[in-house]
Each structure stands twice: as structure tokens, then as C-alpha cells.
Amino acid sequence: MVGQSPAEPRAAVLLQPFVHQVGGHTSMLTYDEHTICKPLVSQELSFYESLPLAMRQFTPQYKGIVSVHLKKDSLGNLTLIASPGLGQPDTCGRLDSAGGDPAVTLWHKCKWSHTQVTKTFKDSCPGKMLLRTDLQYHTDSLLEDANGKQAERKSYNPWGLHCHRQHLNRMSSKHNENKLHQFLLLENVVSKYSYPCILDLKMGTRQHGDDASEEKKARHIKKCEQSTSASLGVRICGMQVYQADTGHFLCKDKYYGRKLSPEGFQQTLRQFLCNGNQLRTDLLEPIILRLKALLAVIRKQSSYRFYSSSLLIIYDGQEHKEGVDQHLPFPKTHSTNPSRVDVRMIDFAHTTFKGSKSNPNPTPYDGPDHGYIFGLENLIKILQSLLEGK
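Novice: Looking at this structure, I do not really get the overall build of the chain. What am I missing?
Specialist: Scanning the chain from terminus to terminus reveals nine helices and 14 strands. Taken over 390 residues, the chain has a buried fraction of 53%. Across the chain, the fraction of contacts at a sequence separation of at least 24, relative to all contacts at a separation of at least 6, is 77%.

Shown next as C-alpha cells:
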């Protein structure tokens, strides 16, 4: 490794919450500015290790594996600590914590003081000071008001903290402090954005994996039948969108997404592209082009089934005017993508394909994932209708 002898111990990294997690149920943690980590699932590891070359531009970069253990202080507060190179071959190269003390204590009951929340945000992104909140985190803050409507958020997305509390409770009840847990290290795909606007879409008409129990299978089938997963092949799993008029993020979670009709889905897609002042029509064409490129790749992936995976659509909520590019917080890398939109597939714990190391005898599937293709085609159609002003 560069600048480090083999015998030199590598610093432990205290993991902090990934404040831009908008969906899913697995807790995502920040390892450093450009890297996040999540609990290792063998099926997902197998996918990343044998990732088709054509798909790499549409997935986070896989950076390796790290061991993580739980640590409890004298007050009973819990932290998760990553130990690079401990308990497994070092596959990720040198990954150091990003300057200073990146640690934020995760309380066992997940009660966050204002100081802790502010520190979390202060270290999280260039748009940090606008991610304001006055909350002490409670699960019921994710639920609806008395009228059955989900309140518009004027802060960051709280979904990640919800996942963290559940994850810590599971870990603390099942494991002692000496047990090492394997985590995947993946690219933080929103690290280059000042104000990351993120739409998390659950793709396909089927969400259960081949290994699902009959009870779980029935539950997932029902969710699909009662949502846009059946009618459109895609449903909203989470969202955050920067509102330029208020300086805050508007957030929605998976429970909101499950209730949407096809018309409601289209309206929410429009809302995702609205910054509070105007519809960001400049984003539509770049997003559509990127989705069409992904569609062409998915059509060629025979035997792959991306059950329960998500698709992220990302853009920067801060509009950059022509002529001031020298002041951008990151360089323009794609001249054909002036709005710096991105489309990435994530969450492959239930993805199956021929030749998978984690499942040498998978259920045989021929051809591409038609449920996923159905969802992509409908997503493109809806965005094209928005572009045409319909």
C-alpha cells in the first residue's frame, strides 16, 4: 500500500450515519468522504465481484471488505468501529478516515441531541448548513399526520436514522463487542454533489428473492399488487429534493411511495424535479438519455434477475450558471452531461444470475429481466411526457 509498511497498523474508523440514505432497510454508514459501507450479504458480494463490464457505469464502485465491531461506552452508548485489514484480507487499498474526528456516537435508543445532529451534518457535505433540524429522533416522526398526509420535511431525510436504530438494536441484542461483522465498502455516489437530490426507485414487478419464505413471498407479492410495482414496474422507495425557495430538503419515504397511484407516481416524479421555484426541465433530457443507456445494457444481461434492487436518480439541487464553472465544488467531468445527473443501480442482496459464487445452483432464468425492463420503459415514458409538457 502506498506510504504504508505492511506491519504498520491502520487506524480504526468510527463510522457515522450516512445522512443521505433515503430508502431501503439496511443501515448505510459513512466510512470516509467518498466511501460508504453496509453489512455484507454474500449474494451482493458475488454480484460485485463478477459485475459485467457494461454495468459498471451504472453501479457504485466496489472497494472491498472491512471488519466492523460494536463498542459500548460506560454510559451504554453504542458506536460502530471499522477496523481496516482486521479479520480479512485487505482488498480495498488504503482508505483513511477523512481528517479530524469523523465519529458520531450512535445512541442505543437513537436519541440525538441537537449538537450531535449538527455535527453529523457539518461533516457530511458542502451543503451542510442548510441541513437544519431541531428534532430529537422518534420513529413516529416518519408517520402521517391526523389527516393521513405525510408532513413535508424542512430538514434532512430521517430515514437513515430509522435504519440505524433498528440495526444497532439488532446488533446489541444478538452479538457481543468482540464479534467482527463484515461490511462492504462501496463508492459514495452522491459525494460530489453540494445538495444531493435523490430519488430511490424499487424496480421490477417482483420484489422477493428466490430464497424467500412462503410468508415473505406472499407479503412482497401483496405489496407489489397494491402499488405501482404491478402497474408500472416501478415504485418510489424514498426521496429527498432540495427546495431553493426555503433552503431545506423535502423528503418522502417508502410508505408514501406504496400508496401512490400511477397518476400520483407521475406527480411525485414531477415534484422530485421541482426546486420550489420552477420545474428543472434542464434535467429531463440528461436523465432520459442515461435511463435509455441503462435500458440497452439491461436488455443484454441474460439470466440476471434484479429482485428487490433499487435505482437511484441523482442531481445537484444547486444550479450552476454558465460562466461560473471555475467556482464549482468539483470539476465538470462529462461535457455531454451539463446538469451532472446520475443514474445508479444499488442493493443486490437478492440478485441472481448464472455463475453466481454465492448460489452455484440458482433458479435458471433465460433472457433479460423483463420486469425491470418494464419499469424502465414506463419511467422513460413518464419523463418524456414531462419533457413534452403533458
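Novice: Can you walk me through helix 8 (residues 284–298) in this structure?
Specialist: Turn by turn, an α-helix covers 3.6 residues, leaving residues three or four places apart pointing in a common direction. Taking 1.5 Å per residue, 15 residues should reach 21 Å; helix 8 reaches 21 Å between its end C-alpha atoms and fits that length. Those residues of helix 8 that fall on the buried side of the exposure criterion are Leu284, Pro286, Ile287, Ile288, Arg290, Leu291, Leu294, Leu295, Val297 and Ile298. In the core, the buried residues of helix 8 are packed alongside strand 11 (305–306), strand 12 (310–316), strand 13 (342–346) and helix 9 (370–387).

Novice: Would you mind going over the packing of aromatic side chains with me for this structure?
Specialist: Counting across every chain of the model gives 15 aromatic pairs. Seen from their ring centres, Phe47 and Phe306 are 6.4 Å apart, and the 85° between their planes marks the pair as edge-to-face. Here Phe47, found in helix 1 (residues 42–49), pairs with Phe306, found in strand 11; they are 259 residues apart in sequence, far enough to count as distant. The class of Phe47 is buried, set by a relative accessible area of 0%. For Phe306, a relative accessible area of 1% gives the class buried. Their ring planes at 10° and their centres at 4.7 Å tell us that Tyr304 and Phe353 sit as a pair that is stacked. Of the two residues, Tyr304 is situated in the loop between helix 8 and strand 11 and Phe353 in the loop between strand 14 (351–352) and helix 9; the sequence distance between them amounts to 49 residues. For Tyr304, a relative accessible area of 8% gives the class buried.

Novice: How should I be thinking about helix 1 in this particular structure?
Specialist: Among the eight residues that make up helix 1, six are buried, leaving the element largely enclosed by the rest of the structure. Buried positions along helix 1 lie against strand 4 (35–39), strand 5 (62–72), strand 7 (181–187), strand 11 and strand 14.

Novice: Looking at this model, I keep getting lost on the sheet that holds strand 6 (residues 78–83). Mind explaining?
Specialist: Backbone-to-backbone hydrogen bonds join strands into a sheet, with any given pair of strands oriented parallel or antiparallel. In space, the seven strands of this open sheet follow the order 1-6-5-7-4-3-2, with antiparallel pairing throughout. Sheet topology places strand 1 (13–14) and strand 2 (16–17) at the edges, where each strand pairs with a single neighbour. Pairing of strand 1 with strand 6, which is carried by two bridges, proceeds in the antiparallel orientation. When the sheet's bridge partners are listed, Leu14 is paired in strand 6 with Ile81. Along the sheet, helix 3 (residues 159–174) makes contact with strand 2, strand 3 (29–32), strand 4, strand 5, strand 6 and strand 7, crossing strand 6 at roughly 85°.

Novice: I would appreciate a short explanation of the pairing of strand 4 in the present structure.
Specialist: Consecutive residues of a regular strand have side chains that alternate between opposite faces of the sheet. In terms of residue burial, strand 4 counts as a mostly covered element, since five of its five residues are buried. Counting the residues between successive antiparallel strands, the hairpin from strand 3 to strand 4 contains two residues. Two elements, strand 4 and strand 7, share five bridges in a ladder whose sense is antiparallel. The partner of Cys37 across the bridge, within strand 7, is Leu185.

Novice: Explain the confidence of the model for the chain to me, please; I cannot follow it from the model alone.
Specialist: One rule of thumb: low pLDDT means the predicted coordinates there are not for detailed reading. For the chain, mean pLDDT is 78; residues scoring 70 or higher make up 73% of the total. Long-range and interchain partners of residues 1–8, a stretch whose pLDDT sits below 50, account for ten contacts in this model, where long-range means more than four residues apart. With pLDDT under 50 throughout, residues 151–155 is counted as low confidence; its partners more than four residues away or in other chains account for 18 contacts.

Novice: So what exactly am I meant to see when it comes to the nonpolar core here?
Specialist: Generally speaking, soluble globular proteins have nonpolar side chains that are buried together. Among the nonpolar cores identified, the biggest contains 67 residues, and Leu201, Leu273, Leu311 and Leu383 are the most heavily contacted of them. Contacts of Leu273, omitting those with residues within four sequence positions, involve Gln278, Leu279, Arg280, Leu283, Leu284, Ile287, Tyr315, Leu383 and Leu386. Counting 15 residues, the second largest nonpolar core, distinct from the first, contains Leu29, Val66, Leu70 and Leu80.

Novice: Even after reading the chapter, I still don't get unusual backbone geometry, so can you show me in this structure?
Specialist: Excluding glycine, residues mostly have negative phi values, and the peptide bonds linking residues are mostly trans. Located in the positive-phi region is Ser308, a residue other than glycine, with phi close to 70°. With respect to the secondary-structure elements, Ser308 resides in the loop between strand 11 and strand 12. When its relative accessible area of 15% is taken as the criterion, Ser308 is described as buried. Residue Asp347 is not a glycine yet carries a positive backbone phi of 65°.

Novice: Looking at this structure, I do not really get the packing of helix 8 against helix 9. What am I missing?
Specialist: Packed helix pairs are characterised by how far apart their axes lie and by the angle those axes make with each other. Here helix 8 crosses helix 9 at 160°, and the two axes come no closer than 10 Å. Taken together, the axes of helix 8 and helix 9 lie roughly antiparallel to each other. Crossing hand, helix 8 versus helix 9: left-handed. Note on element contacts: helix 9 touches helix 8 through Tyr372, Ile373, Leu376, Glu377, Leu379, Ile380, Leu383, Gln384, Leu386 and Leu387, opposite Leu284, Ile287, Ile288, Leu291, Lys292, Leu294, Leu295 and Ile298.

Reading the values: the criteria
Residues numbered from 1 in each chain as written. Predicted model: local features only at pLDDT ≥ 70, side-chain atom pairs only at ≥ 80, totals over all residues. Heavy atoms only, no water. Helix = DSSP H or I, 4+ residues; strand = E, 2+ residues; numbered from the N terminus. Buried < 20%, exposed > 50% of the residue type's maximum accessible area, 1.4 Å probe, protein only. Contact = heavy atoms within 4.5 Å. Expected span 1.5 Å × (residues − 1). Phe/Tyr/Trp six-rings, centres within 6.5 Å; stacked < 30°, edge-to-face > 60°. Pairing = 2+ DSSP bridges. Axes fitted to C-alpha atoms, helices over the stretch in contact; angles between N-to-C directions. pLDDT = per-residue confidence, 0-100. Core = buried A, V, L, I, M, F, W, Y, C linked by side-chain atoms within 4.5 Å. Parallel < 35°, antiparallel > 145°, perpendicular 65-115°, else oblique. Left-handed = near helix turned anticlockwise from the far one by under 90°.

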